[in-house]
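# Residue-level structural notes
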Amino acid sequence: VDVQAVHSLGRLLTNTPGGNEPAVADHALALMLSVGKRVAEAHARMQSGDWRVLVGTELYRKTVGLIGLGRIGRHVAQRLAGFEARVLAFDPFLDEETARRAGVTRCSLEEVLTQSDFVSLHAPLTPQTRHIISAGALKLMKPQAILVNTSRGELVDEEALLAALRGQRLAGAGLDVFQ
């Protein structure tokens, strides 16, 4: 944010940590559930008169990988406990004690990508995280995996994601943010 420009326009700039963390965590789970159960697709089919059942996937007892375990990532992990999910986390700043308290298993990025049924992004945008979900990362994911991004659009190479979805190399994506 260009702070000087904000002030020169007579605007107020604030940082409100904690303000929307529960809402974003809820939204991440809503995306996991709706993409997994194919809610939008089933609704559209029903409205067109097609009542055939669509088979989706459950979140219950699945493996969920979190990329980033800051405040929002920890809220997501807490909510996943109710689904009896196995939660893996990649965060270069995550220590073992914090992981234990959050109920997650610390893993490498590669382990999160290869083992997870759902991958949810909760990392800041930095030069190291830009396109952390690249064509190569998407190739590591299970074909039945679902990607969720409620963090920053630039974490995902959108062209690579679209190619993976069109090529059926990924089951789905729930995106709240875009480049």
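So, here's what we can say about the structure.

## As for unusual backbone geometry
The backbone phi angle of arginine 61 is positive, close to 60°, even though this residue is not glycine. Even without being a glycine, histidine 131 presents a positive backbone phi close to 60°. Mapping histidine 131 onto the fold places it in the loop between strand S4 (118–121) and helix H7 (135–140). You can call histidine 131 partly exposed: its relative accessible area is 22%.

## Focus on the pairing of S4
Burial of the side chains of S4 extends over both faces: Phe118 and Ser120 are buried on one face and Val119 and Leu121 on the other. In terms of strand pairing, strand S1 (residues 63–67) meets S4 through four bridges, oriented parallel. By the bridge assignment, isoleucine 67 is partnered in S4 with leucine 121. Considered for its hand, the β-α-β crossover made up of S4, H7 and strand S5 (residues 146–149) is right-handed.

## Concerning the layout of surface pockets
Where empty space is left becomes clear once a probe the size of a water molecule has been rolled over the atoms. Computed from the structure, the largest pocket encloses a volume of approximately 810 Å³. Contributing to the lining of the largest pocket are 30 residues, with His122, Ala123, Pro124, Ser151 and Arg152 lying nearest its centre. Residue assignment for the lining of the largest pocket shows that the elements contributing at least two residues are helix H2 (21–36) and helix H4 (71–80). For the lining of the largest pocket, the leading source of residues is H4, giving three residues. Of the residues assigned to the lining of the largest pocket, the class counts are 12 nonpolar, 14 polar and four charged. There is about 210 Å³ of room inside the second largest pocket. What lines the second largest pocket is Val35, Gly36, Arg38, Glu41, Val55, Gly56, Thr57, Gln144, Ile146, Ala171, Gly172 and Ala173.

## What to know about H4
Owing to its 3.6 residues per turn, the α-helix aligns residues three or four sequence positions apart on the same side. By the burial criterion, the buried members of H4 are Gly73, Val76, Ala77 and Leu80. Within H4, the buried residues cover an arc of 100° as seen down the axis, which keeps them to one side. Residues of H4 that are buried make contact with H2, S1, strand S2 (86–90) and helix H5 (96–102).

## A few points about the nonpolar core
If you look at the biggest cluster of nonpolar residues, it comprises 22 residues, and the most contacted ones within it are Met32, Val64, Leu66, Val76, Leu80 and Val104. Every element with two or more residues in this core is listed here: H2, S1, H4, S2, H5 and S5. Sorting elements by how many residues they give to this core places H2 first, with five residues. Residue contacts for methionine 32: discarding those within four places in its chain leaves Leu59, Val64, Val76, Leu80, Phe118, Ser120 and Val148. If you look at the next biggest cluster of nonpolar residues, it comprises 21 residues, including Ala123, Ala137, Ala160 and Leu161.

## Details of the side chain of aspartate 117
On the secondary structure map, aspartate 117 appears in the loop between helix H6 (109–115) and S4. Its relative accessible area of 13% is what places aspartate 117 among the buried residues. In contact with aspartate 117, other than residues within four places in its own chain, are Lys62, Thr63, Lys142, Gln144, Ala145 and Ile146.

## Quick notes on the sheet that holds strand S3 (residues 105–106)
The six strands are arranged S3-S2-S1-S4-S5-S6 in an open sheet whose pairing can be described as parallel. A single partner strand is all that each edge strand has here, and the edge strands are S3 and strand S6 (172–175). Inspection of the sheet shows S4 paired to S5 by four bridges, in the parallel sense. Bridge assignment links phenylalanine 118 to a residue of S5, and that residue is isoleucine 146.

What counts, and where the lines are drawn
- Residues numbered from 1 in each chain as written.
- Predicted model: local features only at pLDDT ≥ 70, side-chain atom pairs only at ≥ 80, totals over all residues.
- Heavy atoms only, no water.
- Helix = DSSP H or I, 4+ residues; strand = E, 2+ residues; numbered from the N terminus.
- Buried < 20%, exposed > 50% of the residue type's maximum accessible area, 1.4 Å probe, protein only.
- Pairing = 2+ DSSP bridges.
- Right-handed = clockwise from strand over helix to strand, strands pointing away.
- 1 Å grid on protein atoms, 1.4 Å probe; cavity = no way out; pocket = protein on both sides within 12 Å on 5 of 7 lines; lining within 4 Å.
- Points joined across faces, edges and corners; volume = space filled by probe spheres on them.
- Nonpolar A, V, L, I, M, F, W, Y, C, P; charged D, E, K, R; others polar.
- Arc of directions from axis to C-beta.
- Contact = heavy atoms within 4.5 Å.
- Core = buried A, V, L, I, M, F, W, Y, C linked by side-chain atoms within 4.5 Å.

That is the geometry; function is a separate question.
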